[in-house]
Amino acid sequence: MFGLSPTGAVWCAYLAASMEAEMALEKFIINGGRRLTGTVQISGAKNSALPILAAALLTDEPCTFSNVPDLADIRAMTDLLGDLGAEVFREDREAKANGNGDEPSGDGSLKICVTDESDSHAKYERVRKMRASISVLGPLLAKRGKARVSMPGGCAIGSRPVNLHLRGLQALGAKIELDGGDIVATAKRLKGAEIFLGGPFGSTVLGTANVMSAATLAKGTTLIESAACEPEVVDLADCLNSMGAKISGAGSPRIIIEGVDQLAGANHEVIPDRIEAGTFLIASAITNGDVHLANCRLDHLMAVIDKLREVGVIVEKSNGGATVSSARRLEPTDATTQPFPGFPTDLQAQLMSLLCLSDGNSAITEKVFPDRFMHVAELLRMGANIRKEGPTTIVTGVKHLVGAPVMASDLRASAALVLAGLVAKGTTTISRVYHIDRGYERIEAKLAALGADIQRAADN
Ligand code: EPU
């Protein structure tokens, strides 16, 4: 009943056009060829912070979250929480507004307190801007007994069903209907259950987050089998446990949740963003640079580091982070994206940019989102040699990439184009950089501080 979105491509085109109409368009101008050196501070994890902020809906008490990145997606989530009756206060933004600094200077702290539970509708206008809005479904249902959340559509990385989220919540006793494009979920009190959350492409990250969050307030014990093992799920479980939840096994495929009657407020620090860190690892490697990543968890990046070392990049643990350098043309390799702890789909595009310049043929297979290859056509415009066969691309290394005007299509594809631009001969202009602003905090400032020649400009 709640299967694939049948109109993904049409919906995407409509969404891109309507979002652009609302936004001042900007582009990046990159003059390639600079070697990156120095230290970069990795921000808090977007994909951890989003379901964690939604978890504030599970309690009447104030929550404080630190190391929350200042990103378009985070602002979309706090706007949504505002609609749902929460008061949100961002300390570093307030400091900036008071003239205390040009850049966010605090620890990325957000204070959230729900003061009004009367409106439980996450409307289409919000959800269409950010699919992760679906993260409020489980918390609203568990705490308020009802939730109305616009059904997310597909996006540039492919069809994005939520059938597993709904199946999990139904197993907890929720009645779920579809009404006017909204998911309408109701339950007097959820009841613990045994739930298998595996799907055709493996586990589901936000599906696990939704069902786990909802089960914290269910009566009795819930067992989730085939749960997502991503560090973001562990971070959410740690946050919920600090609020009084009883969750064990997070980080493994079997999570057990003993329901409690109520949760208290939270005081939680979000983990560092492993995808931003991986992007900077590759930025250093692709420019033959020497970059230190501060605030970075190497244990969240083992598959990535293993792959980088295999092609000849030097990655060393240092001072609570990593130093990554490369001094020669890299070897080709084969890589397959998988759920954690495998190689992340969110770094597939960036790895492709790197392998475009390796010495031979590489194969990259996408097993999480088989259609996530929007970057291929743009990399071809920059002189890459890539052939796509179903969910696999064969990348033949070229001597150099050449700067060109290219188009950002989704968050990680855009990051791949930035990486290609850093090393391409000449000038690359990347339009529609609002995609990259969804998930990277001031990426151009961080890259410029490492020596890149990159500027943001209006895109007329
Ligand atoms: N799937 C289903 N049914 C569902 C849910 C998912 O079949 O009900 C399928 C998906 O179509 C996909 C696979 O399962 O083939 C995995 O999807 P998942 O549910 O894990 O994705 P998600 O939770 O919606 C999060 C991240 C994505 C990241 C994926 C995979 C957030 C906010 N988003 O999405 O991040 O790619 O997990 O790791 O956490 C990004 O940051 O650029 C991004 C897209």
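Our subject is the structure that appears above.
Residues numbered from 1 in each chain as written. Predicted model: local features only at pLDDT ≥ 70, side-chain atom pairs only at ≥ 80, totals over all residues. Heavy atoms only, no water.

Asker: Teacher, can you tell me more about the overall build of the protein chain here?
Answerer: In terms of regular secondary structure, the protein chain is built from 16 helices and 24 strands. Considered along the principal axes of its C-alpha atoms, the protein chain spans approximately 65 × 50 × 45 Å. Expressed as a percentage of the 460 residues in the protein chain, the buried residues total 57%. On the protein chain, roughly 17800 Å² of surface is accessible, and the fraction owed to carbon and sulfur atoms is 50%. Once the 47 positive and 53 negative side-chain charges of the protein chain are each reduced to a mean point, those two points are 3 Å apart. (Helix = DSSP H or I, 4+ residues; strand = E, 2+ residues; numbered from the N terminus. Buried < 20%, exposed > 50% of the residue type's maximum accessible area, 1.4 Å probe, protein only. Areas by Shrake-Rupley, 256 points an atom, 1.4 Å probe, with all protein chains shown as cover. Lys, Arg positive; Asp, Glu negative; His and termini not counted. Charge placed at Lys NZ, Arg CZ, Asp CG, Glu CD.)

Asker: When you look at the nonpolar core in this model, what are you seeing that I'm missing?
Answerer: Side chains of nonpolar character tend, in soluble globular proteins, to be buried together. By size, the foremost hydrophobic cluster in this structure holds 76 residues, and its most contacted members are F65, V136, M212 and L240. At six residues, the largest contribution of residues to this core is made by helix α8 (residues 205-215). Among all residues touching V136, those that are not within four sequence positions of it are A54, L57, M77, L80, L81, L84, A122 and V149. Counting residues in hydrophobic clusters, the runner-up holds 66 residues, among them L357, I386, V395 and Y440. (Core = buried A, V, L, I, M, F, W, Y, C linked by side-chain atoms within 4.5 Å. Contact = heavy atoms within 4.5 Å.)

Asker: In this structure, what is going on with the state of the cysteines? I would like to understand it.
Answerer: Linking two cysteines covalently through their sulfur atoms gives a disulfide. With the rule as written, the count across this model stands at zero disulfides. With no disulfide partner, C63 has as its closest neighbouring cysteine sulfur the one in C239, 6.8 Å distant. Its relative accessible area of 1% is what places C63 among the buried residues. We note that C229 lacks a disulfide partner, and the nearest cysteine sulfur, in C239, lies 19 Å from it. (Disulfide = S-S within 2.5 Å.)

Asker: Can you walk me through the pairing of strand β20 (residues 385-389) in this structure?
Answerer: Look at any regular strand and the pattern is simple: side chains alternate between the two faces of the sheet. Relative to strand β21 (residues 392-396), β20 runs antiparallel, the two sharing five bridges. Bridge assignment links I386 to a residue of β21, and that residue is V395. Hairpin connection of β20 to β21: two residues between the antiparallel strands, including G390 at a positive phi of 60°. (Pairing = 2+ DSSP bridges.)

Asker: For this particular structure, what's the right way to read the site of the ligand?
Answerer: In the vicinity of the ligand lie 24 residues, with N163, L164, T204, D346 and V368 positioned nearest. The separation between an oxygen atom of the ligand and a polar side-chain atom of R160 is 3.1 Å. In isolation the ligand offers 830 Å² of accessible surface; the protein chains occlude 91% of this area. At the level of elements, α2 (46-54), α7 (163-171), α8 and α14 (411-423) are the ones that each hand at least two residues to the shell around the ligand. Of the residues in the shell around the ligand, the class split is twelve nonpolar, seven polar and five charged. (Near = heavy atom within 4 Å. Polar contact = N/O pair within 3.5 Å; in protein donor to acceptor, adjacent residues only side chain to side chain. Nonpolar A, V, L, I, M, F, W, Y, C, P; charged D, E, K, R; others polar.)

So far we have only geometry, and geometry alone does not tell us how the molecule works.
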